[in-house]
Amino acid sequence: MKRLFVTLFILVIGYAVFYDIKIGTLPFLSSYPTQKETVALPQGEKATYKNIEVKSGDTALSIVEAISKSKSPSIEKVVADFKKLNPGESPSKLRIGKTYKFPIYQ
């Protein structure tokens, strides 16, 4: 009997891993809005950004990669630009359901 439960447990774990690798559990990238805005930053720079509501499983880097057309720059640049667009907010402590400004890199 114990052997049957162990076999079923291994099969369920195997199916869960296969499903996660094949289909994934993160939301589709096309679910982000397409509205772009421009804001003037200190030092006369201009940045293009999108207002995006954070969903479960989102990180600042994954959102920036999804909305940018080119390869996103270094993590340090993304963090610095995020902090310029969202003063007082930390990209490592995003809250689900809250809307933030994420930089777009062309």
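Anything mentioned here points back to the structure above.
Bear in mind the structure is a predicted one, so any value in this text is a computation, not a measurement. (Residues numbered from 1 in each chain as written. Predicted model: local features only at pLDDT ≥ 70, side-chain atom pairs only at ≥ 80, totals over all residues. Heavy atoms only, no water.)

Draft legend 1. Examining the nonpolar core more closely. Counting 13 residues, the largest nonpolar core has V54, L94, Y100 and F102 as the members making the most contacts within it. Elements with a minimum of two residues in this core: α2 (60-67), α3 (75-85) and β3 (99-103). Among the elements that make up this core, the one with the highest residue count is α2 (4 residues). (Core = buried A, V, L, I, M, F, W, Y, C linked by side-chain atoms within 4.5 Å. Buried < 20%, exposed > 50% of the residue type's maximum accessible area, 1.4 Å probe, protein only. Helix = DSSP H or I, 4+ residues; strand = E, 2+ residues; numbered from the N terminus.)

Draft legend 2. Molecular detail of the packing of aromatic side chains. Following the criterion strictly, the structure yields 4 aromatic pairs and no others. Ring centres of Y15 and Y19 lie 6.2 Å apart, and the angle between their planes is 35°; on these two criteria the pair is classed as tilted. Of this pair, Y15 and Y19 both sit in helix α1 (residues 2-22), separated by 4 residues, roughly a single helical turn. Between F82 and F102 the ring centres are 5.4 Å apart and the planes differ by 45°, which places this aromatic pair in the tilted class. Highlighted residues: F82 in helix α3 and F102 in strand β3, separated in sequence by 20 residues. Since its relative accessible area comes to 0%, F102 is described here as buried. Three or more aromatic residues link up through ring pairs in this structure, and these residues are F82, Y100 and F102. (Phe/Tyr/Trp six-rings, centres within 6.5 Å; stacked < 30°, edge-to-face > 60°.)

Draft legend 3. Here's a closer look at the pattern of salt bridges. Summed over the entire model, instances satisfying the criterion amount to 3 salt bridges. Across the pair K98 and E89 runs a salt bridge, and its minimum N-O distance is 2.7 Å. Note on K98: relative accessible area 28%, which makes it partly exposed. The exposure class assigned to E89 is partly exposed, which follows from its relative accessible area of 22%. Several salt bridges converge on common partners, so that one network encompasses E89, R95 and K98. (Salt bridge = Lys/Arg side-chain N within 4 Å of Asp/Glu carboxyl O.)

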